[in-house]
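# Commentary on secondary and tertiary structure
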Amino acid sequence: MAAVQGVYSRATLEGAVATTEHVIPGLEGVLACDSAISFIDGQNGTLVYRGHDIHHLAERATFEEVVFLLWHGRLPARPELANFAGELVAQRALPPDVVRIIELLPAWAHPMATLRTAVSAIGAFDPRQEEVGPEASLLKATRLVAVLPSVVAAMHRVRLGQAVVAPNPDLGHAANFLYMLRGERAEDDEVRALDTALILYADHELNASTFTARTTVSTQSDLYSAIVSGIGALKGPLHGGAVDEALRLFQEVGGPEHADAFAERALAAKRKVSGFGHRVYRTGDPRARHLKLMAERLSRASGDTRVYDTAVALERSMFERKRLNANVDYYAAIVLSQLGLPLSFFTPFIATSRVAGWSAHVMEQQANNRLIRPRANYTGPADLPFVPLQERG
Ligand SMILES: CC(C)(COP(=O)(O)OP(=O)(O)OC[C@H]1O[C@@H](n2cnc3c(N)ncnc32)[C@H](O)[C@@H]1OP(=O)(O)O)[C@@H](O)C(=O)NCCC(=O)NCCS
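Overview of the structure. (Residues numbered from 1 in each chain as written. Predicted model: local features only at pLDDT ≥ 70, side-chain atom pairs only at ≥ 80, totals over all residues. Heavy atoms only, no water.)

## Some details on unusual backbone geometry
Despite not being glycine, Arg50 shows a phi value in the positive range, around 50°. Take Arg50: it is sitting in the loop between β4 (46-49) and β5 (52-53). A relative accessible area of 22% means that Arg50 is categorised as partly exposed. (Helix = DSSP H or I, 4+ residues; strand = E, 2+ residues; numbered from the N terminus. Buried < 20%, exposed > 50% of the residue type's maximum accessible area, 1.4 Å probe, protein only.)

Take a look at the structure:
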């Protein structure tokens, strides 16, 4: 290969493969696949699942309906929904061996690391783990949507030194989730808030974790492996991890009266403030509106609005200074904290919802697969002489 200034030339690479003109940092704006699952209009701030506006779904659907919609491309008829909800109820129980694995892991492990390990174990216990056909993937996806709340609730209870609560078959998905976390039934408005949050997080086009999951199954690996990969990608603070950081942020700001000074300092230091900005949305994240309303309602009901007031003041300040909008994670942090989830369990909560979208994308990828294997623009040295070990000093 010819070397130009010590680096293989682009011409060399172009001789071997058709390339784009230049590397696109972060693959921004790159269309990497066709998908009929969700659509984001970043300029107008809209999000659509399978043709349905997210606002309609957030206000009127249940999570179970939305999962069916994402997987089958249409809203379920009543008997279909009853059947699907029954399948989810039947798949909720956590194998005792998986509970033991959760107990074995250190309490100081990041909850996303524990979740990643538990989901991997659930896959390893499935005798059909190697099957990648549509029927097997749908079964695995159903199993994971059903069981992930049980995993997160068990993780929470084990850390508190409390007994793991068995799922209650009389309760819907969101109500049972809160029941397993708390060991008692939640109020209706709390259940609705959690259900809405689950709907809002269920899918988001080709975000980093979804792309990761699709890449994993593009090698003909299985759905469990894809979900474990997705959990790994979601963990990062630029993605799902931002929701944990957002609550820490409100604590750091210290109150609405400090919001302006905080925003001034953070922007001057070019700090990425968690819960603000988005790669695709340029005029606001449509999901944030619902979470803001729920955060306000739950904060008022609890009689403590200081964190909410801090968030509102900082949102205003960041917008005035840099036209930055709050994203989905910003007010979700308050909603989840008001619902009693401990900090650092917020990102695992998102995984219990996004597993629906990851699975939809995995099944779409499997139905029309081509190995995802892009190229890198090599920037390292070329033509270096090999010096034997004994001559290297
Ligand atoms: C989501 C995120 C990674 C998108 O990053 P991106 O598309 O690469 O955006 P950029 O980093 O190019 O940002 C564009 C501009 O807005 C600024 N900006 C973007 N997000 C910001 C944030 N959260 N805080 C402060 N400034 C921010 C950047 O500094 C940059 O300013 P500049 O043009 O003056 O240099 C980024 O907004 C971020 O880190 N947000 C915080 C983490 C978060 O909330 N993630 C969850 C997303 S749902």
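## A look at the pattern of salt bridges
Scanning the model with the defined rule gives 17 salt bridges in all. With a closest N to O distance of 3.6 Å, Arg282 and Glu28 form a salt bridge. One end of the pair, Arg282, is in the loop between α13 (259-268) and α14 (286-302); the other, Glu28, is in the loop between α1 (10-16) and β3 (38-41), and 254 residues separate them in sequence. Here Asp195 and Arg192 are joined by a salt bridge, their closest N and O atoms 3.2 Å apart. One end of the pair, Asp195, and the other, Arg192, are both in helix α9 (residues 188-201), three residues apart, so they sit about a helical turn from each other. Assessed through its relative accessible area of 8%, Asp195 is described here as buried. Assessed through its relative accessible area of 28%, Arg192 is described here as partly exposed. Residues joined by salt bridges that share partners form a network here, namely Glu28, Arg279 and Arg282. (Salt bridge = Lys/Arg side-chain N within 4 Å of Asp/Glu carboxyl O.)

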